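Coordinates in review
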Amino acid sequence: MKKAKHLQRFWAFLLAFVLVSTTIASDGMSIVAAEGETTTEQTVSDPKTAEQTSNKGGSAFTAETEQQGETPQVEEGSKTGGNTSGGSSESSTEESVVESESSTETGTSGESVSTEDIVTTEEGTEETSTEVTTEVTTETETETFTETEGAKAETFTFTFDISGKGSVTDEEGNNVGSTVTGETGSVYKFNVEAEGTDVSILVDGNEIGTSNGSYEVAFDADKKITVTFAETESEVKEEKYTITFQITGNGKVTDTEGTEINSLTGKVNEELRFKVEAENADSKVTIKMDDKELTAADGVYTVQGKSDTAVNVNIEEPEKEEIAYTLYVEHFLDTNRGRYHRVDAPVELTEADFKDGKIDVSKYEFKRTGMVLVSAETLTKEDFDKDGKGYAEIHYKVADGWKIVDNRPSYRTIYLGNLDEDNPDIVPEGDYFTLKVKFSFEDGSSVANDFTAKYLIDEDSSKNTYTISVPKQEGYYPTISDTDVTLSADGTSLNGSYSEKGSREITVVYKVKQLQYTVKHAFEKADGTEYTVDDSLTETFSGDYGELTEAKAVAVDGFTPEEIANEVLTQDGIVITIKYDRNTYWLTYDANGGTYVARESVSMSR
């Protein structure tokens, strides 16, 4: 059978070739060849008629076509160029010959051929006449035969992923969207345009192009099309990096020319050079960048980087032998009668306290109102002995407009006393009013230290007033007997005035506060569950601050009071509650010869 088919194709091709040649030479005349008993004439001129005739021929045509594998297809991802129709008239004609009881029609590029009732026996003899009409056309057609008329075409989606600087447009020049759709067998065409960039076009990860131009992809499945525009090396902007110096210690960073700098900037991967100068040549210098220690070549450090970073410069001073110094400072207030003197506690010094090997003792000045510094020594390290001890004096005088109040005999002496915060008494020059206030309990004992003050008498009498604070004493309130002195309502300040030179003493007497407290009486209920207060017996009492309350029980038949817990009076409103327990009595019955009755307990009721 296979040999018969091959022979059949050969004779069909030869017959078609002769008929085509004859038709062209005869200017469209039809040549009819008759063999056998039956003649059937068919002329193919319309592609739709050819397709319908082919479908009527049954599945033999479809099977033959698929077996030969000659169906034209558009190659996926190919650039557009030239005629896209596939096959020649010769190959198309050869594929169109199919065994059939009725007829077979094949459309070819550039011509149309019709064959009728070609029947081949197993011995290869032809018994049926055939008429072939050939029509020459100028258009190329690609026919797709379907096994079933009216079958709906399937739709597929292309997803575009476009990145970089460039454009992807469709055939009309419109920018391609994120997705496009098309039916089976159709082709999507798009253009890629970019200047000075590298292009990569991938379909489902497979590269189909690397340059500008037109591309087409067949709709035969859902696909992802990736277009990537990458800058070429010539377009990459020149990148730079900066190193910033973080210096610890005494020193500086310079460029190779010796100019002090805080940072350096260069191109990525470009070497940057710098120097480090320490104030002390014996200092230890450590340079680190990205936690890596750098070393210098002929005093020059070289770094190379890609991004901004910090360079840590640590300048460590050499260790010195620490010498301990002790300074003793004496203070002298010089007057026309003599000196007041004080000695400060020793001051421990270190090398850091010396500036240029010297120390100014005036920094330890003793300051007081009405007194000014006259002189203070400046010591060098050489002024300290071998044990590191040094001695210095600071001298003062009474400031202008001030005077020392000292009631001791006015004979000249060298040492007049200690110099401290309140001795000697230094006051402005002029007339003074002296006020002394004592703070005492009623028994005369002291509540707080006495207050003493001197007030300069002003020519304006309205300014000759004073206000002093009165200390608080828990549980007591202050009182005064002087009528020309005022004690504030809350007892916290004392106000008065003066008019002439002199002195006065005022005593503030603290009296104990009287505090109130309440005594309540609560009786046990008959069921013994709780106690109930009898308000008719409640009383209010008062007592001195700090004393004990004096709560006392009352006598009530059938009840016994519990122990009373009196409290110390520290505030108003203390409540003392006295509890009373019910008394229990036993009743014993005398049967007097009758029935025995057991004894029982009873309690009184109120």
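Residue positions are given per chain, counting from 1 as you read along its sequence in written order. A pLDDT threshold of at least 70 governs which residues receive local features in this predicted model, and a stricter bar of 80 or more applies before side-chain atom pairs are shown or counted, although totals over entire chains, interfaces and linings include all residues. Hydrogens are left out, water is left out, and the side-chain values use all remaining heavy atoms of the structure.

Let's talk about the overall build of the chain
For the chain, the helix and strand inventory stands at 4 helices and 46 strands. The buried label goes to any residue with under 20% of its type's maximum accessible area, the exposed label to any with over 50%, and the partly exposed label to all in between, with areas taken from a 1.4 Å probe on protein chains only. When each of the 606 residues of the chain is scored for burial, the buried share is 31%. Contacts between residues were defined by any pair of non-hydrogen atoms, one from each residue, lying within 4.5 Å. Of all intrachain contacts in the chain linking residues separated by at least 6 positions in sequence, the fraction that spans at least 24 positions is 62%. Think of it this way: any DSSP run of H or I at least four residues long counts as a helix, any run of E at least two long counts as a strand, and we number them from the N terminus.

Re the environment of S499
As for its position among the elements, S499 is in the loop between β38 (493–497) and β39 (502–512). Between the C-alpha atoms of S499 and I457, which are 42 residues apart in sequence, the distance is 7.3 Å.

Quick word on the packing of aromatic side chains
Two aromatic rings, drawn from Phe, Tyr or Trp (for Trp, its six-membered ring), form a pair once their centres lie within 6.5 Å of each other, and the interplanar angle then sorts them: stacked below 30 degrees, edge-to-face above 60, tilted otherwise. Following the criterion strictly, the structure yields 22 aromatic pairs and no others. Each residue in the set F158, F160, Y188, F190, Y215 and F219 is aromatic and connected to the rest through ring pairs, giving one cluster. Any Lys NZ or Arg CZ that is within 6 Å of a ring centre and within 35 degrees of that ring's normal is treated as a charge sitting over the ring. We note R342 situated over the ring of F366; from NZ or CZ to the ring centre the distance is 4.2 Å.

Remarks on the sheet that holds strand β36 (residues 476–479)
Paired strands, as defined in this entry, are two strands with at least two bridges between them according to DSSP. The 4 strands are arranged β34-β33-β39-β36 in an open sheet whose pairing can be described as mixed. Strands at the two margins of the open sheet, each flanked by one partner only, are β34 (446–456) and β36. Averaged over all neighbouring strand pairs, the angle between strand axes comes to 20°, with direction disregarded. Pairing geometry for β36 and β39, over 4 bridges, is antiparallel. Each bridged residue has a counterpart across the sheet, and for Y476 the counterpart in β39 is V512. Comment: axis = line fitted to C-alpha atoms, over the contacting stretch for helices; angle = value between 0 and 180 degrees taken between N-to-C directions.

Comments concerning unusual backbone geometry
Cis geometry is found at the peptide bond from N423 to P424, where omega equals -5°. Turning to its location among the elements, P424 is positioned in the loop between β31 (415–418) and β32 (425–428). For N269, which is not glycine, the phi torsion reads 70° and is therefore positive. Residue classification places N269 among the partly exposed residues on the basis of a relative accessible area of 39%. For D356, which is not glycine, the phi dihedral falls at a positive 55°. Looking at the element boundaries, D356 is found in the loop between β25 (347–349) and β26 (358–360).

Quick notes on the pattern of salt bridges
A carboxyl oxygen of Asp or Glu within 4 Å of a side-chain nitrogen of Lys or Arg is what we treat as a salt bridge. Counting across every chain of the model gives 11 salt bridges. Between E277 and K252 there is a salt bridge, with the nearest N and O atoms lying 3.9 Å from each other. You can see E277 sitting in strand β17 (residues 271–278) and its partner K252 sitting in strand β15 (residues 251–254), a full 25 residues away along the chain. Here R273 ties to E271 by a salt bridge, and the two come within 2.8 Å at their closest N and O atoms. In this structure R273 comes out as partly exposed when scored by relative accessible area, which is 41%. What emerges from the salt-bridge pattern is a single network uniting D482, D484 and R504.

Thoughts on the nonpolar core
Remark: nonpolar core denotes a set of buried residues (Ala, Val, Leu, Ile, Met, Phe, Trp, Tyr, Cys) joined through side-chain atoms within 4.5 Å. Judged by nonpolar contacts, the single largest core of 21 residues is most densely connected at L327, L333, L349, V361, M371, L379 and F384. Among the secondary structure elements, those contributing two or more residues to this core are β23 (325–334) and β29 (389–398).

Considerations on the sheet that holds β15
Read from one edge to the other, the open sheet built from 4 strands follows the order β15-β17-β21-β20, with strand pairing classed as antiparallel. Edge positions in the sheet fall to β15 and β20 (296–297), since each of these pairs with one other strand and no more.

Focus: the pairing of strand β11 (residues 206–209)
Of the strand pairs in this sheet, strand β10 (residues 197–203) and β11 are connected by 3 bridges, and their pairing is antiparallel. Among the inter-strand pairings, V203 is bridged to a residue of β11, identified as N206. Between β10 and β11, which pair antiparallel and follow one another directly, the connecting turn spans 2 residues, one of which, D204, has a positive phi of 50°.

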